[in-house]
Amino acid sequence: MSGVGIGDRAVAGPVVRMGAAVPEPDDVPRTVDVDVESTRAVDALAEVAAELRRRAQHSRDADARDVLEAQAMMAEDPTLRDEITSAVRAGKTAARGIFEAYGRYREMLAAAGPYLAARVADLDDVRQRAVAASLGVTVPGVPSPGYPFVLVATDLAPADTATLDPALVRALITEQGGPTSHTAVLARARDIPAVVGCADAALLVDGDAVLVDPAHSLVVRDPDASLVAAATEVSGSDDAAFAGPGRTADGVAVALLANVGGPDDVGAAVRAGAEGVGLYRTELLFLDADAAPERGAQVQAYQQVFRGFSEGQRVVIRVLDAGADKPLAFLDPQPEPNPALGVRGLRALRAHPRILETQLAAIAEAAKHSAADVWVMAPMVAEPAEASWFRERCQAHGLSVSGVMVEVPSAAMLAPEILAEADFVSIGTNDLAQYALAADRQASGLPTLQDPWHPGLLRLIALVGAAGASAGKPVGVCGEAAADPMLARVLVGLGVTSLSMAPGAIAGVRRSLAAVTFEECRALAGKARAAGSAAQARSAGAAV
Amino acid sequence: MPVRHVAVAGAEGLHARPAALFVKAATDAGIAVTIGKVGSDGHADARSILAVLALDVRHGDEVVLRADGDDADAALDRLAALLGEPDA
């Protein structure tokens, strides 16, 4: 069975399928005796409460435990139980009674505002579980069979993946989704081998033995022992042999950096051997806030990240990338017909200069007290004048190394002029692919156009790589493409000098680069960019 | 019927974890307890997490607790103390 491989390690294990979402129960009269149906409802609620409590007890995460306990209470709620049994007495089925009763509270909580928004999601989950239990069907959500398994699903949502434990979920297979789907991003970040967009996986059932082989984008059902041994041995190399800075087999250095969102990510980055940070997203400080954070709070947060790194290590911090599709109340968002093409990134900051000035001042102050090399980067730059404006603002704050993200196709095409106004560039392949192929990252049904192997994207990257080489300036990649061990070789061959990714993906990329020479990377790059489709480019990139 | 008035001191009001703690304490009391917001109609069963959450009690809101039965006063004192305590 073929799909899109994520990661490079092969893993074998038993299939356990994700429980499917239960549809809204029909509002038909119950055909069963009232006492039997009432008992069914009450038992379903008790079963759900017990299961949630069990998960709470086994949870190692205090926040998750609180949520699960609150959910258990929602399942045991006496007022709700009374309403449901009344509904059954009045002629509703247990499933419908449960559905409607929770629905009423859901409306109350949703109307109560942002404080309770998270509780609405929790309540929906309890309702799903209770309805499923009353119908005797598999409870939706990530299963916990109690042993390591390969999770198979149509697709996974962020809510499902939040609680995935790599020790139990050894690999992921999804029928839908592509290289930029949530599943792919999560799998790379947690170093869980995956094959996504594998339509044939619909045929897999609980208990099937499978081999998940991302390097070849394959899933094999009922693999024989010798196949499993061969596949898992080849990719199971000893990481200790490949520790140290990123470089090709012939010693050409390629800095391997981490993408981070804040101080919590620093530990994982350092443990993974990241040589610095290629993308420090500062949005998390600003999201969910009514007003831009005070300078002091920003200085503290930035310092906590900068201090994780030492002299000679770079930390590339990106100023606030928000507005339009990531609306912030204090950026005064106006309705736009096409938010992705509107006032966002640097454009939003130019409209609110005080926010940028405060952020740059905070970055400068935090940088003064740390040994790391702090570089500053602007998002959504489309032309050279924006790059020079940004550089001027950075210099006014004493920030001597500034650069821009290349995520807009015009920036790739104007790379030589932009590099005259910037000390470095970093290619945001996720958005660059989106704009170049006119395919929304979030849209389903467009996997071939969202594939970072697409030659339409690779040729834009090649333009930037060539411009960087002429100018003698660094060209980084900080999108998902950097985390793909096979694509990393192609990127290096296209002139990319650093790769920044989720910490979990660093080891795989390091291994992959160490296995090829620089000339081999260039050869792979030449073949991949000359292809006519993402699939062709992938095949070209897999053959050394 | 014993009654208590309390201003809710926790920063989060009666949401999330504080609500769960309150409901658990009310359930453990073993008697019927109701809670209502001063200035609003309606009393919720204090043992019902959904009814309590739906009250949307914020930090500083004043609530009325009522209970009936053996040890109602002692139970109300405990619950009032729980609500009136600022976060630890």
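Structure report, in brief. Just so it is clear, the model here is predicted, and its values are computed rather than measured. (Residues numbered from 1 in each chain as written. Chains lettered and ligands numbered in written order. Predicted model: local features only at pLDDT ≥ 70, side-chain atom pairs only at ≥ 80, totals over all residues. Heavy atoms only, no water.)

Along chain B, the regular secondary structure elements total three helices and four strands. In chain B, the succession of helices and strands from N to C terminus is β-α-β-β-α-β-α. Residues counted as buried form 44% of the 88 residues belonging to chain B. In chain B, once contacts between residues fewer than 6 apart in sequence are set aside, the share between residues at least 24 apart is 73%. Of the accessible surface of chain B, which amounts to about 4200 Å², a share of 50% is contributed by carbon and sulfur atoms. (Helix = DSSP H or I, 4+ residues; strand = E, 2+ residues; numbered from the N terminus. Buried < 20%, exposed > 50% of the residue type's maximum accessible area, 1.4 Å probe, protein only. Contact = heavy atoms within 4.5 Å. Areas by Shrake-Rupley, 256 points an atom, 1.4 Å probe, with all protein chains shown as cover.)

Right, let's talk about empty space enclosed by the protein for a bit. All names here are of chain A. Counted according to the given criterion, the structure contains three cavities of 30 Å³ or more. Space inside the largest cavity adds up to approximately 80 Å³. Taken together, 15 residues line the largest cavity, and the ones lying closest to its centre are Arg-314, Val-316, Ser-426, Gly-476 and Ser-498. Class assignment for the residues of the lining of the largest cavity results in nine nonpolar, five polar and one charged. The space that makes up the second largest cavity amounts to roughly 40 Å³. (1 Å grid on protein atoms, 1.4 Å probe; cavity = no way out; pocket = protein on both sides within 12 Å on 5 of 7 lines; lining within 4 Å. Points joined across faces, edges and corners; volume = space filled by probe spheres on them. Nonpolar A, V, L, I, M, F, W, Y, C, P; charged D, E, K, R; others polar.)

In this section: the sheet that holds strand E1 (residues 3–7) of chain B. All names here are of chain B. What the four strands build is an open sheet, ordered E1-E4-E2-E3; its pairing is antiparallel. Either end of the sheet is taken by a strand with one partner, and the two such strands are E1 and strand E3 (44–45). Direction of pairing for strand E2 (residues 32–37) relative to E3: antiparallel, over a ladder of two bridges. The residue of E3 that forms the bridge with Thr-34 is Asp-45. (Pairing = 2+ DSSP bridges.)

Before going further, it helps to examine the interface of chain A and chain B. Contact with chain A, which involves 16 residues of that partner, is made by 16 residues of chain B. Note on chain A versus chain B: buried area summed over both sides is about 1400 Å², and carbon and sulfur give 73% of it. Our enumeration of links across chain A and chain B arrives at zero salt bridges. In this assembly, chain A and chain B are joined by four residue pairs in polar contact (both at pLDDT 80 or more). Those elements that provide at least two residues to the side of chain A that touches chain B are helix H2 (62–76), helix H3 (78–89), helix H4 (94–111) and helix H5 (117–135) of chain A. Here the side of chain A that touches chain B gets four residues from one element, more than from any other, and that element is H4 of chain A. (Buried area = accessible area lost by both parts, 1.4 Å probe. Salt bridge = Lys/Arg side-chain N within 4 Å of Asp/Glu carboxyl O. Polar contact = N/O pair within 3.5 Å; in protein donor to acceptor, adjacent residues only side chain to side chain.)

Let us look at the packing of helix H18 (residues 455–471) of chain A against helix H21 (residues 518–530) of chain A. Residue and element names in this part refer to chain A. It is the contact of H18 with H21, at a shortest axis distance of 8 Å, that shows an interaxial angle of 130°. Accordingly, the angle class assigned to the pair H18 and H21 is oblique. Mapping the contact onto sequence places Pro-455, Leu-458, Arg-459 and Ala-462 in H18 and Ala-528, Arg-529 and Ala-530 in H21. The residue inventory of the contact of H18 with H21, partitioned by class, reads five nonpolar, no polar and two charged. (Axes fitted to C-alpha atoms, helices over the stretch in contact; angles between N-to-C directions. Parallel < 35°, antiparallel > 145°, perpendicular 65-115°, else oblique.)

Spatial relationships are all this shows, so hold off on functional conclusions.
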